[in-house]
Amino acid sequence: MARKLVTSGHEVTMVCGSYSNGYTGITKPFSNGVRKGTVDGIQVIEFELNYSNADSFLKRALIFLSFSLKSIKIVLREPYDLLFATTTPLTAGIPGIVGRWFKRKPFVFEVRDLWPELPREMKVITNPIILMMMSVLEWASYKSAHRLIGLSPGIVKGIKRLDIEPQKICLIPNGCDLGLFEQNVEEWCPEGVDKADLMAVFAGTHGIANGLDAVLDVADVLMKRKRNDIKIVLIGSGKLKEKLRKDAVDRGLSNVIFHDSVSKHKLVGLMRRANVGLQILANIPAFYYGTSPNKFFDYLSSSLPVLTNYPGWVADLVEENKCGYAIPPENADLFADVLESAADNRSALQEMGRAANKLAKKNFSREKLSEDFVLWLEKTEC
């Protein structure tokens, strides 16, 4: 999105924190906790915050707050015409609020997840005072923004419920990097996957929200059915990864293969070998229409059939476009049935894969969505 702003003639400064599995492109060392550089024509200001999905909730909360406070200094000191802020976390809206009311600058707020609804339903935050403070921050962020972007239909609906005028809200979901996944990259698979195996891949965070215990239950069913030709590959990092790995070993699940996070470029090669993309989330109603999962769009870009285990707009897309399987949550036997059917009918998988790629090009091309993004920002006025 930022690169599209640059090619459209705008000067862009991106403010971010460090991330254990991310790389901004700036190589020089930090000085007093910050470093600056230019990447693809974008001025980058990176704070040395060392965030990781494996960190405790308290540590992540403190990092989020630190990022907001450091960003406020940038907002008050740096020259700019428009401020764009994106969640998660919700604290990313604080610099935008400051810019709107203290600098009188146009403010566009992108909502990637509905907070505090998601942490409340997941029960990761139960303190009523904290939840109330988050609700106040949510209201202040939405009301302060001149324009808002929601990444899913449920997020747009969630913004509207706080009495935000519909004309101020735009739906721009996560998109498909078709150019990236169309590169000529050599395919590969982790050790333990044979050439003839059906490989079902989950590429994403191994956290509470992802509900990957359900995948271990499916693997258990497949082991009991002696379907050793079906391998489930979990690639990524997260707070629960080591627990999941230990549980898999304790249960003797040799059909589950864990792999560390890889670069997007290397992920392309893995996706090229995979047969099914797993879109897995915990059975939380707020997830059904209130998320816009990156991995889903990567699967579409890779021409991978998608298997999703929760209802909502992603499941609706899969069913309507015949590009995979949508099953109800918490049904390991049906999940295993679907994987067995996929393994036994590879021609149907190929047809679904073509449908997935067609959907990617028709509705979710990053090129088209970035044009919508630029126009939405350009039309923003105080």
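Starting afresh in each chain, residues are numbered from 1 along the sequence in its written order. In keeping with the predicted nature of the model, local features appear solely for residues at pLDDT of at least 70, side-chain atom pairs appear and are counted solely at 80 or more, and the whole-chain, interface and lining totals rest on all residues. Derived side-chain values reflect all non-hydrogen atoms in the structure, with water molecules and hydrogen atoms excluded from consideration.

Colleague: Go over helix α9 (residues 241-250), please, and point to the residues and values.
Modeller: Summary of the burial criterion: residues with accessible area below 20% of their type's maximum are buried, those above 50% are exposed, and those between are partly exposed, where the area comes from a 1.4 Å probe applied to protein chains only. Only DSSP runs of H or I reaching four residues or more are called helices, and only runs of E reaching two or more are called strands; each is numbered from the N terminus. Burial in α9 covers these residues: K241, L244 and A248. For α9, the angular spread of the buried residues around the axis is 65°, confining them to a single face. Residues of α9 that are exposed and point more than 90 degrees away from the buried face comprise E242, K246, V249 and D250. Here the buried face of α9 lies against α8 (213-224) and β10 (256-259). Arc definition: directions from the helix axis to the C-beta atoms. Note on contacts: a residue pair is in contact if any heavy atoms of the two residues lie within 4.5 Å.

Colleague: Talk me through the packing of aromatic side chains; I want residue IDs and the actual numbers.
Modeller: For any pair of aromatic rings, the description consists of the separation of the ring centres together with the inter-plane angle of the planes. Stacked, tilted and edge-to-face are the three classes assigned to paired rings of Phe, Tyr and Trp, where Trp is represented by its six-membered ring and a pair needs centres within 6.5 Å; plane angles under 30 degrees give stacked, over 60 edge-to-face, the rest tilted. In total, this model carries seven aromatic pairs according to the counting rule given. With centroids separated by 5.2 Å and ring planes inclined at 90°, the aromatic side chains of F84 and F373 adopt a geometry described as edge-to-face. Taken together, the residues span a long stretch of sequence, with F84 in strand β4 (residues 83-86) and F373 in helix α16 (residues 366-378) at a distance of 289 residues. A ring pair is formed by F296 and F297, whose centres lie 5.2 Å apart and whose planes are at 70°; its orientation type is edge-to-face. With respect to burial, F296 and F297 carry one shared label: buried. These aromatic residues form a ring-pair network of at least three members: F107, F109 and Y142. Either the NZ atom of lysine or the CZ atom of arginine qualifies as a charge over a ring when it sits within 6 Å of the ring centre and within 35 degrees of the ring normal. Positioned above the aromatic ring of F47, the side-chain terminus of K70 is 5.9 Å from the ring centre. Against the face of W188 rests K266, its NZ or CZ located 4.8 Å from the ring centre.

Colleague: Any details on the sheet that holds β10? Residues and values, ideally.
Modeller: The sheet built from six strands is open, its strands ordered β10-β9-β8-β11-β12-β13 with parallel pairing. Edge positions in the sheet fall to β10 and β13 (324-326), since each has one partner strand and no second. Neighbour to neighbour, the strand axes of the sheet diverge by 20° on average, direction disregarded. With six bridges joining them, strand β8 (residues 198-203) and strand β9 (residues 230-235) adopt parallel strand pairing. Across the sheet, the residue bridging to A200 is I232, located in β9. Note on definitions: angles span 0 to 180 degrees between N-to-C directions of axes, and those axes are lines fitted to C-alpha atoms, for helices only across the stretch in contact. Packed on one face of the sheet, helix α12 (residues 294-301) meets β8, β11 (276-279) and β12 (306-308) and runs near 165° to β11. Pairing between strands is defined by DSSP: at least two bridges between the two strands are required.

Colleague: Give a detailed account of unusual backbone geometry, specifying residues and quantitative values.
Modeller: Residue T87 is joined to T88 through a cis peptide bond whose omega torsion reads -5°. Within the element layout of this structure, T88 appears in the loop between β4 and α3 (93-102). Within the chain, N50 stands out as a residue other than glycine whose phi angle is a positive 55°. Locating N50 in the fold gives a position in strand β3 (residues 42-51). The exposure class of N50 is partly exposed, given its relative accessible area of 48%.

Colleague: Hey, could you go over the environment of Y299 for me, with residue numbers and the actual values?
Modeller: For Y299, the location among the structural elements is in helix α12. Accessibility expressed as a relative area gives 0% for Y299, which makes it buried. Separated by 38 residues in sequence, Y299 and S261 place their C-alpha atoms 16 Å apart. Here Y299 is in contact with V201, F202, A203, M271, G277, L278, Q279, L304 and V306, once residues within four sequence places are set aside. Separated by 3.2 Å, the side chain of Y299 and the backbone nitrogen of A203 make a polar contact. Identification of polar contacts relies on pairs of N or O atoms within 3.5 Å, with a donor-acceptor requirement for protein atoms, meaning one able to donate a hydrogen and the other able to accept it, and with residues adjacent in sequence counted only if both atoms are side-chain atoms.

Colleague: Before we move on, could you go through the side chain of K295 and cite the residues and values that matter?
Modeller: Take K295: it is sitting in helix α12. Neither His nor the chain termini are counted; the positive set is Lys and Arg, and the negative set is Asp and Glu. In the sections that follow, a salt bridge refers to a side-chain nitrogen of Lys or Arg positioned within 4 Å of a carboxyl oxygen of Asp or Glu. Here K295 is buried and forms no salt bridge, its nearest opposite-charge partner D298 lying at an N-O distance of 8.4 Å. Those residues in contact with K295, other than ones at most four positions away along the chain, are F202, A203, G204, N210, L278 and Q279.

Colleague: Explain the nonpolar core to me, and be specific about the residues and the numbers.
Modeller: Considering soluble globular proteins, one finds that nonpolar side chains tend to be buried as a cluster. L278, L300, L307 and L339 are the most contacted members of the largest nonpolar core, which has 75 residues in total. Ignoring any residue separated from it by four or fewer positions in sequence, one finds L300 in contact with C176, V306, C323, A356, N357, L359, A360 and F364. Buried Ala, Val, Leu, Ile, Met, Phe, Trp, Tyr and Cys residues that are joined via side-chain atoms within 4.5 Å together make up what is termed a nonpolar core. Core analysis: the next-biggest nonpolar cluster, separate from the first, contains 45 residues, Y80, A85, L90 and V98 among them.

Colleague: If you had to explain helix α5 (residues 128-144) to someone new, which residues and values would you point to?
Modeller: For a helix, the expected span equals 1.5 Å multiplied by the residue count minus one. For α5, with 17 residues, the first-to-last C-alpha span of 24 Å sits near the 24 Å given by 1.5 Å per residue. Along α5, the positions that sit buried rather than exposed are L131, M134, L137, E138, A140, S141, Y142 and S144. Of the surrounding secondary structure, the elements contacted by the buried residues of α5 are α3, β5 (107-111), α4 (117-122), β6 (147-150) and α6 (153-160). For α5, the N-terminal cap is N127; the gap from its side-chain oxygen to the backbone nitrogen of I129 is 2.8 Å.

Colleague: Explain the layout of surface pockets to me, using residue names and the numbers behind them.
Modeller: Taken as a whole, the second largest pocket holds about 330 Å³ of empty space. Looking at the lining of the second largest pocket, the elements with two or more residues in it are α8, α9 and α14 (332-344). No other element matches α8, which puts four residues into the lining of the second largest pocket. In this count, Pro and Cys sit with the nonpolar residues alongside Ala, Val, Leu, Ile, Met, Phe, Trp and Tyr, while Asp, Glu, Lys and Arg are called charged and the others, Gly among them, polar. Here the lining of the second largest pocket is built from residues that sort into twelve nonpolar, five polar and four charged. Residues are said to line a cavity or pocket when one of their atoms sits within 4 Å of a point; the points come from a 1 Å grid over protein atoms alone, cavities being sets where a 1.4 Å probe fits but cannot get out and pockets being open sets with protein on both sides within 12 Å along at least five of seven lines. Grid points are joined across faces, edges and corners, and a volume is the space filled by probe spheres set on the points.

Colleague: Summarise the pattern of salt bridges; cite the residues concerned and give the values.
Modeller: By the definition in use, this model includes 26 salt bridges. As a salt-bridge pair, D344 and R227 come within 3.0 Å of each other at their nearest N and O atoms. With D344 in helix α14 and R227 in the loop between α8 and β9, this residue pair connects regions lying 117 residues apart in the sequence. What makes D344 exposed here is its relative accessible area of 56%. When salt bridges that share partners are traced, they join R225, R227, D229, D333, D337, E340 and D344 into one network.

No statement about biological role is implied by the geometric values presented.
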